[in-house]
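# Reading the structure
Single-letter residue listing:
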Amino acid sequence: MNEGNSTPNAEVEAAPKRGVPIWIQVIIWLLLLGLLAIIAFNMKRSQQGSLKVGDPIQNFTLSFFDGYQFQGKPEINLSDLKGKVVVVNFWASWCKPCEQEAAALESVWKTYESGGQVVFVGVDYVDTEPEARKYLSNFGITFPNGPDVGTKISQYFRITGVPETYFIDQAGNLAYAQIGPFGSESEIQAIIDPLIQK
Amino acid sequence: MKRFLWIFLAVSLFSLVWVGNVFAQKPTPSDDEVNAVASQMFCPVCENTPLDVCPTQACAQWRELIRTKLSEGWNADQIKQYFATQYGVRVLAEPPRQGLNWLVYIVPPFLIVIGVYILFRAFRSMHTVNQLAGGETEPNGPATDEYTSRIEEELKKRN
């Protein structure tokens, strides 16, 4: 077969191929890999589940509603509470199950308040302030309470709803997590007492 | 008489001030005005439910808060900013243009542009192949017609 007999197919094959420049291909692949990495990271974070018993709890600051204070301060830092048992209760005024345990929590707080070994902290989750204040007033809650501004604390604890209560031991590690409301005062005390005796 | 005049003036002045105050008050925002802002946000506790159609008590409280803010003269952007600060940016229907959120705005258009470019190249290469192969296929046209006319002739003969 000589050149004069070249077929149209041969001409097609001989047509110059202008591919995407290699640097563009590299950029596209890098972008895709970056995107996949971000998606994977977020998926891993969202599937972490709740905090586990024994996990060290990182420091957080909670500013209280007006009228609440702890040791004369309008806010609380978890890092300042080393050596005490800390009970962190997540609640909201729109949460009906929270109402079931509100009185019990306040009553148990009153039991331990004078001892100084236990600190109760109420974290108000995605709530509006007027309703939150009404709730606190209705149940006569006196332990320090404040809004979870930006939902940073609840995101750190990876709460799945309200009410949820986390018990932090004297070393600053998670000792117990209660998902849902408490049924009675004794139920709460049964968790706190062994922690105090540690 | 002079005394009555003074009293009349005082009462008139007081009435003017009182009426002025009444006119200065903003009317309570309607549900439509509240929902116009609420539709730009999402329920804090339910999955993927816009705030304006969410039936939960938490959403009802948030809508009331929007109404209060509107009556205080806040605009939609200020209210959204307030909610984002208080409850996190996840409550916003449209993520703010900052940090990794930019990916939401950049990646889809970028992928569309790449897709259009790939399609353009594919169509262009198909067109080129057709053009190059065109010289061979065109002469077949009349041959096909001749073949068809022969078949038709044969059919006529049989009839």
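Residues numbered from 1 in each chain as written. Chains lettered and ligands numbered in written order. Predicted model: local features only at pLDDT ≥ 70, side-chain atom pairs only at ≥ 80, totals over all residues.

### Re the overall build of chain A
- In terms of regular secondary structure, chain A is built from 6 helices and 7 strands.
- The order of α-helices and β-strands along chain A, N terminus first, is α-α-β-β-β-α-β-α-β-α-β-β-α.
- Here the C-alpha atoms of chain A give a radius of gyration of 29 Å, more than 25% beyond the 16 Å that 2.2 N^0.38 yields for 198 residues.
- Considered along the principal axes of its C-alpha atoms, chain A spans approximately 105 × 40 × 30 Å.
- Across the 198 residues in chain A, those meeting the buried criterion constitute 30%.
- Put simply, of all contacts in chain A between residues at least 6 apart along the chain, 73% involve residues at least 24 apart. (Helix = DSSP H or I, 4+ residues; strand = E, 2+ residues; numbered from the N terminus. Rg over C-alpha atoms; globule rule 2.2 N^0.38 Å. Buried ≥ 20, exposed ≤ 12 C-beta atoms within 10 Å, placed from the backbone. Contact = placed C-beta atoms within 7 Å.)

### Digging into the interface of chain B and chain A
- If you look at the interface, chain B gives 20 residues, while chain A gives 15 residues.
- Counting residues per element, the ones that place at least two in the side of chain B that touches chain A are α3 (57-71), α4 (76-87) and α5 (102-137) of chain B.
- The residue inventory of the side of chain B that touches chain A, partitioned by class, reads 12 nonpolar, 7 polar and 1 charged. (Nonpolar A, V, L, I, M, F, W, Y, C, P; charged D, E, K, R; others polar.)

### Let's talk about the nonpolar core
- Counting residues in hydrophobic clusters, the biggest one holds 58 residues, and the most contacted among them are V87(A), A92(A), F120(A), V121(A), I168(A), L51(B) and I66(B).
- Here A92(A) is in contact with C98(A), D124(A), Y125(A), V126(A), D127(A), V162(A) and A58(B), once residues within four sequence places are set aside. (Core = buried A, V, L, I, M, F, W, Y, C linked by C-beta atoms within 7 Å.)

### Notes on the packing of helix α2 (residues 31-38) of chain B against α3(B)
Residues and elements named next belong to chain B.
- Remark: α2 packs on α3, axes separated minimally by 9 Å, with the N-to-C direction vectors making an angle of 110 degrees. In this view, α2 runs roughly perpendicular relative to α3, as classed from their interaxial angle. For the pair α2 and α3, contact is made by E33, V34, V37 and A38 and by R63, I66, R67 and L70, respectively.
- In the contact of α2 with α3, the residues fall into 5 nonpolar, no polar and 3 charged. (Axes fitted to C-alpha atoms, helices over the stretch in contact; angles between N-to-C directions. Parallel < 35°, antiparallel > 145°, perpendicular 65-115°, else oblique.)

### Concerning the pairing of strand β3 (residues 85-91) of chain A
Residues and elements named next belong to chain A.
- In terms of burial, β3 is largely enclosed, as 7 of its 7 residues are buried.
- Because side chains alternate across β3, one face comprises the buried residues V85, V87, N89 and W91, and the other comprises V86, V88 and F90, equally buried.
- Pairing analysis gives 7 bridges linking β3 to strand β4 (residues 118-124), with the strands arranged parallel. Note that in β4 the partner of V86 across the bridge is V119.
- Each parallel crossover has a hand, and for β3 linked through helix α3 (residues 96-113) to β4 it is right-handed. (Pairing = 2+ DSSP bridges. Right-handed = clockwise from strand over helix to strand, strands pointing away.)

### Points about the sheet that holds β4(A)
Residues and elements named next belong to chain A.
- If you trace the 5 strands from one edge of the open sheet to the other, you get β5-β4-β3-β6-β7, paired in mixed fashion. In the strand order of this sheet, the two ends are held by β5 (145-147) and β7 (174-179), each with one partner. Ignoring strand direction, the axes of neighbouring strands in this sheet form an average angle of 20 degrees.
- As defined by bridge partners, strand β6 (residues 164-168) adjoins β7 across 5 bridges and the pair is classed as antiparallel.

### Comments concerning α3(A)
All names here are of chain A.
- Taking 1.5 Å of rise per residue, the 18 residues of α3 would be expected to cover 26 Å, and the 26 Å separating its terminal C-alpha atoms lies within 8% of that figure.
- The largest bend along α3 reaches roughly 35 degrees and is located at A102.
- Residues C98, E101, A102, L105, V108, W109 and Y112 constitute the buried set of α3.
- Check the buried side of α3 and you find it contacts β3, β4 and α6 (185-196). (Expected span 1.5 Å × (residues − 1). Bend = angle between axes of the 7 residues up to and from the residue.)

### What to know about the packing of α3(A) against α6(A)
All names here are of chain A.
- It is the contact of α3 with α6, at a shortest axis distance of 9 Å, that shows an interaxial angle of 45 degrees. Taken as axis vectors, α3 and α6 run oblique relative to one another. Pair α3 / α6 crosses with right-handed handedness. Contacts between α3 and α6 pair A104, L105, S107, V108 and Y112 from the former with E185, I188, Q189 and I192 from the latter.
- Considering only residue class, the contact of α3 with α6 consists of 6 nonpolar, 2 polar and 1 charged. (Left-handed = near helix turned anticlockwise from the far one by under 90°.)

### A look at the confidence of the model for chain B
Residues and elements named next belong to chain B.
- The share of residues in chain B with pLDDT of 70 or more is 78%, and the mean pLDDT across the chain is 83.
- The least confident element of chain B, judged by mean pLDDT, is helix α1 (residues 2-24) at 59; the most confident is α2 at 96.
- Interface confidence for the predicted complex, expressed as ipTM, amounts to 0.76; the pTM equals 0.73. (pLDDT = per-residue confidence, 0-100.)

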